[in-house]
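Survey of secondary and tertiary structure
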Amino acid sequence: MDKRKVFEQVSDIEQQIGGLYEQLEKLKGNLADLLEENYRLSMENKHLRSYLDEQEIKRVKINKNEDTDENLPGEGFDNLARIYEEGFHICHMQFGSPRQDGDCLFCLELFD
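Computed from a prediction, not measured in an experiment: that's the story for all the values here.

A word on the nonpolar core. Membership of the largest hydrophobic core is limited to 7 residues, which are Ile83, Tyr84, Phe88, Ile90, Cys91, Cys104 and Cys107. Those residues in contact with Cys104 that lie beyond four places of it in its chain are Tyr84, His89, Cys91 and Arg99.

Written out as structure tokens, the structure reads:
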């Protein structure tokens, strides 16, 4: 076998390995994105489930106390505070999206 042919075969294999490596890097990036989105959606799902559970508890309490039909002042404010405590934004820019980096200054501004 000719030495030149062997060298060409090795070069071809090297190029194929390089292409496979690039594909592997892209797949790795896509997998990281999917894992991050999965975690975010899991957290959002957890918050929503706890919110629905709290709403069900409130409905049961309201049904037990149908005699008192008072609307307390500031009920909307209390709802926003509860949503914020559950880990969601209440500011107009990101309303309803999960808070990931601690407190949001725009949300806190609404409490002032």
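Within the secondary structure, Glu36 is located in helix α1 (residues 3-64). Classification of Glu36 as exposed rests on a relative accessible area of 57%. Along the backbone, Glu36 and Glu14 are 22 residues apart, and their C-alpha atoms lie at a distance of 33 Å.

Under the counting rule described, the total for this entry stands at 0 disulfides. For the unlinked cysteine Cys91, the closest cysteine sulfur is that of Cys107, found at 3.7 Å. Owing to a relative accessible area of 2%, Cys91 belongs among the buried residues under this scheme. For Cys107, a relative accessible area of 0% translates into the label buried.

Calculation rules
- Residues numbered from 1 in each chain as written.
- Predicted model: local features only at pLDDT ≥ 70, side-chain atom pairs only at ≥ 80, totals over all residues.
- Heavy atoms only, no water.
- Core = buried A, V, L, I, M, F, W, Y, C linked by side-chain atoms within 4.5 Å.
- Buried < 20%, exposed > 50% of the residue type's maximum accessible area, 1.4 Å probe, protein only.
- Contact = heavy atoms within 4.5 Å.
- Helix = DSSP H or I, 4+ residues; strand = E, 2+ residues; numbered from the N terminus.
- Disulfide = S-S within 2.5 Å.

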